Amino acid sequence: MSKKEIQFSLVYRDMWQSSGKYVPRKDQLARVAPVIIDMGCFDRVETNGGASEQVNLLYGENPNQAVRTFCKPFNEAGIKTHMLDRGLNALRMNPVPADVRQLMYKVKHAQGTNITRIFCGLNDPRNILPSIKWAKEAGMTAQATMCITYSKVHTAEYYINLAEQLIEGGAQEICLKDMAGIGRPHMLGVIVAAIKEKHPDIIIQYHGHTGPGFSVASMLEVAKAGGDVLDVAMEPLSWGKVHPDVITIQAMLRDAGFLVKDINMKAYMEARSLTQSFIDDFLGYWIDPKNALMTSLLVGCGLPGGMMGSLMADLKGMHAAINANLKKKGEKELSEDELLVQLFDEVQRIWPMLGTPCLVTPFSQYVKNAALMNLFSRSMGEKDFTRMDPAMWGMILGKSGKLPGELAPEVIELAKEKGFEFYTDDPQKLYPNVLPQYIKEMEELGWDRGQDDEELFEFAMHDKQYREYKSGIAKEQFNKDLAERMQKAGKEVPEELRKYLTNVQGTKGASEDEMAAVAMALHLAQGKQHKEGIIELPLVHSTAWNHKYYTLK
């Protein structure tokens, strides 16, 4: 009997976005792509999707050019490219009209992306099935995705039934997206074996983060159960909260009797050096050193390691506010570690109360924000869930899809008290088509719709960021942020960036993130809120921040 081959996919896009905020520029991607090809061990590479295109706009660059540039050499080498696609939310943090979602697949296929990994944080097939149809019509491979987590709701049977629905709906491949790395290895093996028994020709790809430490064992179990492709990373952006390194996984699988490709170590070291040079250039200023560390504290709360950077930024601002309240009441102040453990415990407590959504973008942010606001409310002597923003309520009320679990009675009662109505119909119906109005505005502004309508797509997908990119505001804001971060790190600020430091005297090099976090904490400490009793907080994520991170509306 011949050995089963396991293929590797280098998640070069997610390596960056699980580590920090930004992704490499077009010129950097052009330099590293041929070296990744020379490594000889990858059949697939994740090139785009998620927040990668939004953050290109945030640093003032055109994401369409970046995608085309990065995909081209892999297309020519016969290496498949894939992207991350948030289903109803497409490439942003909030729902997207159907016509824009449909256009995305035509644009991405034309730009050189072969496979789209379609996921919904609620695992609601209604948010995935239309994308399967649109992706296939556009010529892409539709990889339907199951977000993996561990709860009383998310059993092996739950996932096996979900896979059946997705395959019946036309999925050509299945991805197990273990974004927090808390999927238990044995359970993952059971899921894969069941899918393969009924659908032996369906390709199964596993994506697991290393944060809590399960993912290496999970990869072995998935391979033994019949999995086909494993997502891996490479130094200097492997391990920690990111993904296992290809060297370790290759050695493990080869010892277990699987057929895996050789790694050209000379090319590996060159790609490693190039990646480090990109970190040193500018990307490292947004990478939290803690993301290089694994922590078993993530096992209980189930939060994805990729959001730890934003979580810690939120925590720093709230830490000051909570301690100010405790001090005022004559109670013992908390250390940052004590507050972090309280936050993890609170996430674990309220997660099932909020319907047990998978803790992945954006629902991980919703649950984390609700937990953090509960801790603040208690320090103010208030009841839980008194400060939740409209996006959190949107999830609770069903406007993003059907929650996997049941809401707690007190949450349902609170919704009724506020006069909110629950929504059970297809969430896409809440977001009408918009392309005609964007086409009209582009004509009025004299903006080119771009090759294959890619500029039209970008404008409709990321309205605010695209306008700021076109106006030059995005580049100015990015340069200012970069200059301040370089100054704070004690690095010499290049001549062309020094002008951005003229208006930050008295900040002692504090970054915009930190100043905004302090402003948020002071605002909350004063107890300001809407008359309806709701404080609106942005849903902060390290890969999808706007430049005004903590603006309270």
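Residues numbered from 1 in each chain as written. Predicted model: local features only at pLDDT ≥ 70, side-chain atom pairs only at ≥ 80, totals over all residues. Heavy atoms only, no water.

As for the overall build of the protein
Logical step 1: Secondary structure assignment for the protein yields 23 helices and eight strands.
Logical step 2: The buried share of the protein, reckoned over its 553 residues, is 60%.
Logical step 3: Across the protein, contacts joining residues at least 24 apart in sequence account for 77% of those joining residues at least 6 apart.
Logical step 4: Of the accessible surface of the protein, which amounts to about 21500 Å², a share of 53% is contributed by carbon and sulfur atoms. (Helix = DSSP H or I, 4+ residues; strand = E, 2+ residues; numbered from the N terminus. Buried < 20%, exposed > 50% of the residue type's maximum accessible area, 1.4 Å probe, protein only. Contact = heavy atoms within 4.5 Å. Areas by Shrake-Rupley, 256 points an atom, 1.4 Å probe, with all protein chains shown as cover.)

What about the sheet that holds strand E7 (residues 203-208)?
Logical step 1: In space, the eight strands of this closed barrel follow the order E1-E2-E3-E4-E5-E6-E7-E8, with parallel pairing throughout. Recorded for the sheet is a direction-independent mean angle of 30° between the axes of neighbouring strands.
Logical step 2: Sheet analysis places strand E2 (residues 44-49) next to strand E3 (residues 80-85), joined by five bridges and oriented parallel. Residue pairing for E3: Arg 44 is matched across the bridge by Lys 80.
Logical step 3: Sheet contacts for helix H7 (residues 156-168): strand E5 (141-147) and strand E6 (173-178); angle to E5, the most-contacted strand, approximately 160°. (Pairing = 2+ DSSP bridges. Axes fitted to C-alpha atoms, helices over the stretch in contact; angles between N-to-C directions.)

Some remarks on the pattern of salt bridges
Logical step 1: Tallied over the entire structure, the rule returns 37 salt bridges.
Logical step 2: The closest approach of N and O atoms between Asp 262 and Arg 254, which form a salt bridge, is 2.9 Å.
Logical step 3: A relative accessible area of 38% means that Arg 254 is categorised as partly exposed.
Logical step 4: With a shortest N-O distance of 3.8 Å, Lys 329 and Glu 331 are connected by a salt bridge. (Salt bridge = Lys/Arg side-chain N within 4 Å of Asp/Glu carboxyl O.)

Focus on a nonpolar patch on the surface
Logical step 1: A cluster of nonpolar side chains, contributed by Ile 247, Met 265 and Met 269, occupies part of the molecular surface with about 240 Å² of accessible area.
Logical step 2: Looking at where Ile 247 falls in the secondary structure, it is placed in helix H10 (residues 246-255). (Patch = residues over 30% accessible without salt bridge, like charges linked within 9 Å, V, L, I, M, F, W, Y side chains within 5 Å.)

What about the packing of aromatic side chains?
Logical step 1: Tallied over the full model, the rule gives 18 aromatic pairs.
Logical step 2: A centroid spacing of 5.7 Å and a plane angle of 50° characterise the contact between Tyr 59 and Phe 478, whose relative ring orientation is tilted. Within this pair, whereas Tyr 59 is found in the loop between helix H3 (52-58) and helix H4 (63-77), its partner Phe 478 is found in helix H21 (residues 473-488), the two being separated by 419 residues in sequence. As far as the burial class goes, Tyr 59 and Phe 478 line up, both buried.
Logical step 3: Seen from their ring centres, Trp 447 and Phe 459 are 5.2 Å apart, and the 65° between their planes marks the pair as edge-to-face. (Phe/Tyr/Trp six-rings, centres within 6.5 Å; stacked < 30°, edge-to-face > 60°.)

Side note on the nonpolar core
Logical step 1: Core analysis: the biggest nonpolar cluster contains 163 residues, and Tyr 12, Met 146, Ile 174, Leu 176 and Leu 253 have the highest contact counts within it.
Logical step 2: Among the elements that make up this core, the one with the highest residue count is helix H15 (residues 363-379) (nine residues).
Logical step 3: Discounting residues that sit within four places of it in the chain, Met 146 has contacts with Asn 123, Tyr 159, Leu 162, Ala 163, Leu 166, Ile 174, Cys 175, Leu 176, Lys 177, Ile 191 and Ile 195. (Core = buried A, V, L, I, M, F, W, Y, C linked by side-chain atoms within 4.5 Å.)

Examining the packing of helix H5 (residues 98-111) against helix H19 (residues 454-461)
Logical step 1: H19 packs onto H5 with a crossing angle of 135° between their chain directions and a minimal axis gap of 10 Å. Taken together, the axes of H5 and H19 are oblique relative to one another. Regarding H5 and H19, the two cross each other, and that crossing is left-handed. For the pair formed by H5 and H19, the contact residues are Val 100, Leu 103, Met 104, Val 107, Lys 108 and Gln 111 on the first element and Glu 454, Leu 456, Phe 457, Ala 460 and Met 461 on the second.
Logical step 2: Of the residues in the contact of H5 with H19, the class split is eight nonpolar, one polar and two charged. (Parallel < 35°, antiparallel > 145°, perpendicular 65-115°, else oblique. Left-handed = near helix turned anticlockwise from the far one by under 90°. Nonpolar A, V, L, I, M, F, W, Y, C, P; charged D, E, K, R; others polar.)

A word on the packing of H19 against helix H20 (residues 463-471)
Logical step 1: Direction vectors running N to C along H19 and H20 enclose 120°, while the axes themselves pass 5 Å from each other. The angle between H19 and H20 falls in the class oblique. Of the residues in H20, those in contact with Glu 455, Glu 458, Phe 459 and Met 461 of H19 are Asp 463, Tyr 466 and Arg 467.
Logical step 2: For the contact of H19 with H20, the per-class residue count stands at three nonpolar, no polar and four charged.

A short note on the environment of Asp 38
Logical step 1: Structurally, Asp 38 can be placed in helix H2 (residues 26-38).
Logical step 2: We classify Asp 38 as partly exposed; its relative accessible area is 46%.
Logical step 3: Each C-alpha atom, one on Asp 38 and one on Ile 263, is 9.0 Å from the other, the two residues being 225 residues apart in sequence.
Logical step 4: Asp 38 has contacts with Asn 264 and Ala 267, leaving out every residue within four places of it along the chain.

Digging into unusual backbone geometry
Logical step 1: Of note, the bond from Glu 235 into Pro 236 is cis; its omega dihedral lies within 30 degrees of zero at 5°.
Logical step 2: Examined against the element boundaries, Pro 236 turns out to sit in the loop between strand E8 (229-232) and H10.
Logical step 3: Geometrically, the link from Thr 361 to Pro 362 is a cis peptide bond, its omega value of -5° lying close to zero.
Logical step 4: Along the polypeptide, Pro 362 turns up in the loop between helix H14 (336-350) and H15.

Details of the environment of Gln 451
Logical step 1: Considering the arrangement of structural elements, one finds Gln 451 in the loop between helix H18 (435-445) and H19.
Logical step 2: Judged by relative accessible area, which is 49%, Gln 451 ranks as partly exposed.

Details of the side chain of Thr 295
Logical step 1: Note on placement: Thr 295 falls in the loop between helix H11 (265-281) and helix H12 (297-301).
Logical step 2: On the basis of relative accessibility, which here comes to 18%, the residue Thr 295 falls in the buried class.
Logical step 3: A distance of 3.1 Å separates a polar side-chain atom of Thr 295 from the backbone nitrogen of Leu 297.
Logical step 4: Not counting residues up to four positions away in its chain, the partners in contact with Thr 295 are Gly 211, Pro 212 and Lys 241. (Polar contact = N/O pair within 3.5 Å; in protein donor to acceptor, adjacent residues only side chain to side chain.)

A short note on the side chain of Asp 99
Logical step 1: Tracing the sequence through the fold places Asp 99 in helix H5.
Logical step 2: The charged side chain of Asp 99 is buried without a salt bridge, its nearest counter-charge being Arg 92 at 8.8 Å.
Logical step 3: In this structure the side chain of Asp 99 is engaged in a polar contact, spanning 3.0 Å, whose partner is the backbone nitrogen of Val 434.
Logical step 4: There is a polar contact of 2.8 Å between the side chain of Asp 99 and the backbone nitrogen of Leu 435.
Logical step 5: Not counting residues up to four positions away in its chain, the partners in contact with Asp 99 are Asn 433, Val 434, Leu 435 and Pro 436. (Lys, Arg positive; Asp, Glu negative; His and termini not counted.)

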